[in-house]
Amino acid sequence: MEHHSNIVPWQMLCERTGAILKVIPMNKEGELVMEEYAELLSDKTKLVFCNHVSNALGTINPIAEIIKKAHGVGAAVLIDGAQAAPHIVADVQALDVDFYTCSAHKMCGPTGVGILYGKEEWLKKLPPYQGGGEMIVEVTFEKTTYADLPHKFEAGTPNICGGIAFGAALDYMHQIGFKDIAGYEAELLDYATQELLKIEGLKIYGTAKNKTSVISFNIEGIHPYDIGTILG
Amino acid sequence: MQIKEIQEEIIDEFSMFDDWMQRYEYMIELGKSLPLIDEAYKTDDNIIKGCQSKVWVHAELKDDKLVFTADSDAIITKGIIAILIRAFSNQKPKDIIEAETDFIDEIGLKEHLSPTRANGLVSMIKQLKLYAVAYQTQIK
């Protein structure tokens with residue numbers, strides 16, 4: 001369900017701070033078990049994170065509900081939108097999500113650049129993660145005053161080319177229209193699923209009612225490595 | 001035949017094909033001729049780490065030459081290890097240690113595989129060479 005990029009950093013955080021990582025279980029269809037999620041939440045919960053869409057299964061997670069429940073116990077929510085962003089338009093304000101991330105390379109853009117959306121109140125509270133030029137108001141050898149948002153998080157010379165290229169990629173996607181993209185993908189997903197199921201011994205992993213165009217499968221008696229190589 | 005000659009032979013064979021589908025078919029064929037590892041040696045200790053599919057390799061010294069046997073649960077991987085074993089098996093440990101591995105680049109295998117799989121290929125070569133190093137010290 002989750003990508004390593006939304007597991008490993010949190011494990012590193014747990015090692016550093018002593019925080020405890022709890023995992024929301026999923027059912028056979030590849031959907032989060034929301035009842036169990038509700039039970040995992042407590043006033044000790046600091047942060048809830050999951051992906052909007054699973055890159056492995058295609059499942060669209062019910063993030064509106066996840067966010068609402070987390071806020072109910074005072075926890076912040078980070079949604080990894082890397083897989084969702086090219087397929088679904090997320091209204092971050094309506095969702096009331098604290099943080100939402102996505103990667104340019106999943107949206108026809110360049111590598112090494114992405115988006116971290118954060119609520120202003122959170123971003124004001126968070127300390128800079130890097131120090132350097134451009135992120136300061138005043139520097140003396142005694143004390144440094146950090147610049148306002150977003151400069152506080154943009155130390156040094158940024159990835160200017162990446163930013164411009166990402167902008168062009170987003171313009172391109174908007175030109176096609178996210179609604180049209182989603183509609184066409186849904187059609188392709190249905191067609192591909194139907195055709196794949198005609199193959200004897202083929203099993204699809206991730207059959208959530210609400211899913212985007214990702215199909216993971218195995219064929220009985222054939223190593224997934226071999227199928228991947230031949231199809232790749 | 002010397003390692004270098006066998007490698008030239010493999011490069012020649014692969015250059016006969018026009019596309020990768022044919023090369024994969026050929027690799028699968030080569031996998032069938034792989035000298036299979038004895039079931040007794042198919043243990044976790046003999047699995048090469050860093051491969052997505054399971055690859056077992058065993059080595060033993062016969063006279064002064066190192067003989068490799070192997071197996072894999074994926075047929076393309078089996079073909080890859082078969083190519084490597086064809087190049088390196090039945091050779092003196094010293095020659096295996098000193099052998100170049102450019103032929104892998106020349107048949108285009110490494111660049112055709114995804115980075116994770118290419119790493120697996122590198123792990124296989126490294127493991128064969130490690131066996132050679134281990135047996136070389138025994139000879140001395």
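From a predicted model like this one, the values you see are computed outputs, not experimental measurements.

### Side note on the overall build of chain B
Next, step 1: Counting its secondary structure elements, chain B contains 7 helices and 2 strands.
Next, step 2: In sequence order, the secondary structure elements of chain B are arranged as α-α-β-β-α-α-α-α-α.
Next, step 3: Each of the 140 residues in chain B was classed as buried or not, and the buried ones make up 38%.
Next, step 4: Relative to all contacts within chain B whose residues are 6 or more apart in sequence, the contacts with residues 24 or more apart total 65%.

### So, the overall build of chain A
Next, step 1: Counting secondary structure elements, chain A contains 8 helices and 8 strands.
Next, step 2: Here chain A, with 232 residues, has 21% of them falling under the buried criterion.

### Some remarks on the environment of Ile136 of chain A
Next, step 1: You can see Ile136 of chain A is positioned in strand E5 (residues 136–139).
Next, step 2: Taking the C-beta count within 10 Å as the criterion, Ile136 of chain A has 16 such neighbours and is therefore assigned partly exposed.

### Quick word on helix H1 (residues 8–17) of chain A
Next, step 1: Counting buried residues in H1 of chain A gives 0 out of 10 residues, a small share hidden from the surface.
Next, step 2: Just past H1 of chain A, the residue Gly18 of chain A takes up positive phi, approximately 85°.

### Concerning the environment of Val73 of chain A
Residue and element names in this part refer to chain A.
Next, step 1: Tracing the backbone through its elements, the reader meets Val73 in the loop between helix H3 (63–72) and strand E2 (76–80).
Next, step 2: Measuring from C-alpha to C-alpha, the distance between Val73 and Lys46 comes to 8.8 Å, with 27 residues separating the pair along the chain.
Next, step 3: Apart from the residues lying within four places of it in its own chain, the contact partners of Val73 are Leu41, Ser42, Asp43 and Thr45.

### Brief notes about the UniProt feature "domain: Fe-S metabolism associated" (unreviewed entry) in chain B
Next, step 1: According to UniProt, the positions carrying the feature "domain: Fe-S metabolism associated" (unreviewed entry) are residues 12–129 of chain B.
Next, step 2: This span, residues 12–129 of chain B, is 52% helix and 14% strand, and a straight line between its end C-alpha atoms measures 24 Å.

### Quick notes on the sheet that holds E2 of chain A
All names here are of chain A.
Next, step 1: Strand order in the open sheet formed by 4 strands is E1-E2-E3-E4, and the pairing between neighbours is mixed. Each edge of the sheet is formed by a strand with only one pairing partner; in this case those strands are strand E1 (47–51) and strand E4 (114–118). For this sheet, the mean inter-axis angle between neighbouring strands, taken without regard to orientation, is 10°.
Next, step 2: Looking at chain direction, E1 and E2 are connected through 5 bridges and run parallel. Among the inter-strand pairings, Val48 is bridged to a residue of E2, identified as Val77.
Next, step 3: Against the sheet, H3 contacts E1 and E2, and its axis sits at roughly 160° relative to E2.

Analysis parameters
- Residues numbered from 1 in each chain as written.
- Chains lettered and ligands numbered in written order.
- Predicted model: local features only at pLDDT ≥ 70, side-chain atom pairs only at ≥ 80, totals over all residues.
- Helix = DSSP H or I, 4+ residues; strand = E, 2+ residues; numbered from the N terminus.
- Buried ≥ 20, exposed ≤ 12 C-beta atoms within 10 Å, placed from the backbone.
- Contact = placed C-beta atoms within 7 Å.
- UniProt positions renumbered as here; feature names shortened; annotations may be inferred.
- Pairing = 2+ DSSP bridges.
- Axes fitted to C-alpha atoms, helices over the stretch in contact; angles between N-to-C directions.

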